[in-house]
Amino acid sequence: MTQWLLDRTFRSTSGDEVRWAVLGEGQEDTPAVVLLHGTPFSSYVWRGVARALATRHRVFVWDMPGYGASEKHAGQDVSLGAQARVFTELLTHWGLATEAARPAVVAHDFGGCVALRAHLLHGARYARLALVDPVALAPWGSPTYRLLGAHPEVFGQLPPDLHRALVREYVSSASHPGLHPAVLDRLVEPWCTDEGRPAFYRQIAQNDQRFTDEIEPRYGELTLPTLICWGTQDTWIPPTRGHELASRIPGSRLHLIEHAGHLVQEDAPAELGAVLGEFVGGGG
């Protein structure tokens, strides 16, 4: 499988170490692009799209605190509120917080809520915003996600082999046609270390619906170009939510991707990459 290495670090004001990378050099007339992953994934799901976009843009990728290669520890705040604050700090660290340097932001799953909170609550400025099967409208979370979140202390006691089996089954359900075994292994492994097992249940337990409830009434305030992409076979968050979200964001455009599940980056990378490439470049 393709190598994916986050070779840079950032220490947030909360004290957590965040791993990140930048691809491509960009062109003078194109904005930088920032990609946000969702749960229980990491920036690895963006590897193909990131490399495609990097032919014309500088592309920033990162693993959120508590995910992927970034720091995981007991007592860590990995809530959607905390992630939005870290993202806002990262934009400043990357030199993307000024009016002239506003990036195009592409966010998947709960990365959508993180990007929306950073913009609406913390003043982060974007040139464009693309939301891919985002966590944005209540109620959200698959039945499995809600069950795990309601009983983290019970599931956290599973033996390592049963925990791994549970995570594999859960991650697999995000894809409609099914994930390549090596991709599945890469997505599951961070949750199966001594630090990763408790981190898996910690992040689910902390992601309360209030984090979207706080911003839902403000979606009508969004004035930047907004694209919403949705897999038609998403069983985690149904495509009807895409239509509803598009109706709430003025001037937004909805693009449905046939035969793709929640993890559109894996199910339809070529179509998603083409649509995103046109959008972040100023089209659509």
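All of these numbers come straight from a predicted model, not from anything done at the bench.

Here is what the cut-offs are and how they apply
- Starting from 1, residues in each chain are numbered consecutively following that chain's sequence as written.
- Owing to the predicted nature of the model, reporting of local features is limited to residues with pLDDT of at least 70; listing and counting of side-chain atom pairs is limited to 80 or more, with chain, interface and lining totals taken over all residues.
- To obtain the side-chain values, all non-hydrogen atoms of the structure were included, while hydrogens and water were left out.
- UniProt positions are given in the numbering used here, feature names are shortened, and annotations may be inferred rather than shown by experiment.
- Helix and strand definitions here come from DSSP, where helices need a minimum of 4 consecutive H or I residues and strands a minimum of 2 consecutive E residues; each element is numbered from the N-terminal end.
- Take the number of residues in a helix, subtract one, and multiply by 1.5 Å to get its expected span.
- Summary of the burial criterion: residues with accessible area below 20% of their type's maximum are buried, those above 50% are exposed, and those between are partly exposed, where the area comes from a 1.4 Å probe applied to protein chains only.
- Here, the arc refers to the directions that run from the helix axis to the C-beta atoms.
- Only heavy atoms matter for contacts: two residues are in contact if any of them lie within 4.5 Å across the pair.
- In this description, a line fitted to the C-alpha atoms serves as the axis of each element, helices being fitted only across the stretch in contact, and the angle between N-to-C directions of two axes falls anywhere from 0 to 180 degrees.
- Oblique is the label for every angle not falling under 35 degrees (roughly parallel), over 145 degrees (roughly antiparallel), or within 65 to 115 degrees (roughly perpendicular).
- Left-handed is the label given to a crossing in which the near helix is rotated counterclockwise from the far helix by less than a right angle, and right-handed is the label when the rotation is clockwise.
- Remark: nonpolar core denotes a set of buried residues (Ala, Val, Leu, Ile, Met, Phe, Trp, Tyr, Cys) joined through side-chain atoms within 4.5 Å.
- For two strands to be treated as a pair, DSSP must find at least two bridges joining them.

Would you mind showing me how to read the UniProt feature "domain: AB hydrolase-1" (unreviewed entry) in the protein chain here?
Cross-referencing UniProt, the feature "domain: AB hydrolase-1" (unreviewed entry) maps to residues 31–269 in the present numbering. Structurally, residues 31–269 comprises 40% helix and 12% strand, and the distance from its first C-alpha atom to its last is 21 Å.

Help me understand helix α6 (residues 160–172) in this model?
Think of an α-helix as turning once every 3.6 residues; residues three or four places apart then point the same way. Between the first and last C-alpha of α6 there are 18 Å, a value that for 13 residues agrees with the 18 Å anticipated at 1.5 Å per step. All of the buried residues along α6 are His 163, Val 167, Tyr 170 and Val 171. Projected down its long axis, α6 shows its buried positions confined to an angular sector of 95 degrees, all on one face. Looking at α6, the residues exposed on the side facing more than 90 degrees away from the buried face are Asp 161 and Glu 169. Close packing links the buried residues of α6 with α4 (143–150), α7 (181–188) and α8 (196–206).

What is the right way to read the packing of α6 against α7 from this model?
When two helices pack together, their arrangement is captured by the angle between the axes and the distance separating the axes. Viewed as axis vectors pointing N to C, α6 and α7 meet at an angle of 120 degrees, and their least axial separation amounts to 10 Å. Accordingly, the angle class assigned to the pair α6 and α7 is oblique. Between α6 and α7 lies a crossing whose hand is right-handed. Taken together, the residues of α7 that come into contact with α6 (itself represented by Arg 164, Val 167, Arg 168, Val 171 and Ser 172) are Leu 184, Asp 185, Leu 187 and Val 188.

What am I meant to see in the nonpolar core here?
When a protein is soluble and globular, its nonpolar side chains tend to lie buried together. One finds Val 34, Leu 36, Trp 62, Phe 87, Trp 94 and Tyr 126 to be the most contacted residues of the largest nonpolar core, which totals 97 residues. It is helix α3 (residues 110–122) that contributes the most residues to this core, seven residues altogether.

I tried to follow the pairing of strand β2 (residues 17–23) on my own but got confused; where do I start?
When a strand is regular, its side chains alternate between the sheet's two faces. Relative to β2, strand β1 (residues 8–11) is paired through four bridges, and the arrangement is antiparallel. Opposite Thr 9, over in β2, you have Arg 19 as the bridge partner.

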